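An overview of the molecular structure
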Amino acid sequence: MRKRNESVTVEHERAAAAPAPLDKGCSLRHSLRLPAADTGMKRPLGRRYGLWFRLRRLIIWLLGVYIAIPFLVKLCPAIQAKLVFLNFVRVPYFIDLKRPQDQGLNHTCNYYLQPEEDVTIGVWHTVPAALWKNARGKDQLWFEDALGSSHPVILYLHGNAGTRGGDHRVELYKVLSSLGYHVVTFDYRGWGDSIGSPSERGMTYDALHVFDWIKARSGDNPVYIWGHSLGTGVATNLVRRLCERETPPDALILESPFTNIREEARSHPFSIYRYFPGFDWFFLDPITTSGIKFANDENVKYISCSLLILHAEDDPVVPFHLGKKLYNIAATSRSFRDYKVQFVPFHTDLGYRHKYIYRSPELPRILR
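For clarity, every value in this text was computed on a predicted model and none was experimentally measured.

To continue, consider the overall build of the protein chain. In terms of regular secondary structure, the protein chain is built from 13 helices and eight strands. When the 368 residues of the protein chain are sorted by exposure, 45% land in the buried category. Split by element, the accessible area of the protein chain, about 20,300 Å² in all, is 56% carbon and sulfur.

Structure representation (structure tokens):
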């Protein structure tokens, strides 16, 4: 009995030690398990490979978009026009332009004028501080009659993007009103709640219509035109036309101006394509094709009224050197030989940048 049990035990141990039988495909019936250490090494390598693969796909996709955009702009010049105007950017959002009092302008009236058929523009008229108390609760007719009071009028032409209710614009209206000016401003066709399609010609015609509307009510009171950024292009277009018809304004004020739209687009700090091969052909020529020039440098040669240029040295949108260049062109122009041309720079340390010159305590003195 003992020998028999020992033989059975030996046979059992041999069977356990024997290799696993092969199936018909000459493969092991039981899969071999890899050591735990090997599995731990493969997982980080797999993760790294997957992360690099996704990152590479993203880089290739972004590079493709970057290269495709210039061709898209060239084929569709309307895209470039929208980037110049930015009229689809309405900042601040969710404000009712019919209620300027919501922006702290309790002495302001909202109008709607019609420069052309199928075009309606929204207008704000802020009266001088001396008339604030009398303006409470008054209707549009009272505000129109108030333009005939013995106070100068400023027609303000804002830049691209936003509306007449933009924060920095509202702050400027308040400053000018406190200095004794009527301030009339509006949204060009296609901006804010104004109806129509934006174009340089249309913007200029809107400004001309508002100017004539003001002159018909202001009597002999001085009327000044103030343009900011892209609005300086509208302003010089307007004043050139006014001078050609011999009805110039009493003065032109340009805040953060450029020479022309091509130089501005080429110098714009936010232009990521400025060093792209064929930049002019891809980006600047479509602007011209769309009929957009805003040639301040040409317009000033035909303007005959006093000119004041304001520009901050730290302007990140319209480079300071373009405003200085425009001043040099105007100062040597024969059209200004009988008029004062002044350039007022604001030092970088002041931090006025592109749209905060209204904060300058020197502004009242400069305007006087």
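What follows concerns the pattern of salt bridges. What the rule picks out here adds up to 13 salt bridges. Here Glu362 and Arg365 are joined by a salt bridge, their closest N and O atoms 2.7 Å apart. Within the structure, one salt-bridge network assembled from shared partners comprises Glu116, Arg189, Arg201 and Asp206.

Attention shifts here to the pairing of strand E4 (residues 182-186). Burial analysis of E4 places five of its five residues in the buried class, the great majority of the element. The alternating pattern of E4 places His182, Val184 and Phe186 and Val183 and Thr185 on opposite faces, both of which are buried. Relative to E4, strand E2 (residues 119-126) runs antiparallel, the two being bridged by four bridges. Residue pairing across strands places Trp124 opposite Thr185, the latter belonging to E4. Bridge analysis of strand E3 (residues 153-157) against E4 gives four bridges, and the strand direction is parallel. Residue pairing for E4: Tyr156 is matched across the bridge by Thr185. Once the chain exits E3 it traverses helix H6 (residues 167-178) before rejoining the sheet at E4, and the crossover so formed is right-handed.

The subject of this paragraph is the environment of Trp142. Its place among the elements puts Trp142 in helix H5 (residues 140-146). When the C-alpha atoms of Trp142 and Cys109 are compared, they prove to be 9.7 Å apart, with 33 residues separating the residues in sequence. Those residues within four positions of Trp142 in sequence are excluded, and the remaining contacts are Val127, Leu131, Asn134 and Ala135.

Reading the values: rules and limits
Residues numbered from 1 in each chain as written. Predicted model: local features only at pLDDT ≥ 70, side-chain atom pairs only at ≥ 80, totals over all residues. Heavy atoms only, no water. Helix = DSSP H or I, 4+ residues; strand = E, 2+ residues; numbered from the N terminus. Buried < 20%, exposed > 50% of the residue type's maximum accessible area, 1.4 Å probe, protein only. Areas by Shrake-Rupley, 256 points an atom, 1.4 Å probe, with all protein chains shown as cover. Salt bridge = Lys/Arg side-chain N within 4 Å of Asp/Glu carboxyl O. Pairing = 2+ DSSP bridges. Right-handed = clockwise from strand over helix to strand, strands pointing away. Contact = heavy atoms within 4.5 Å.

These figures come from the coordinates and say nothing about function on their own.
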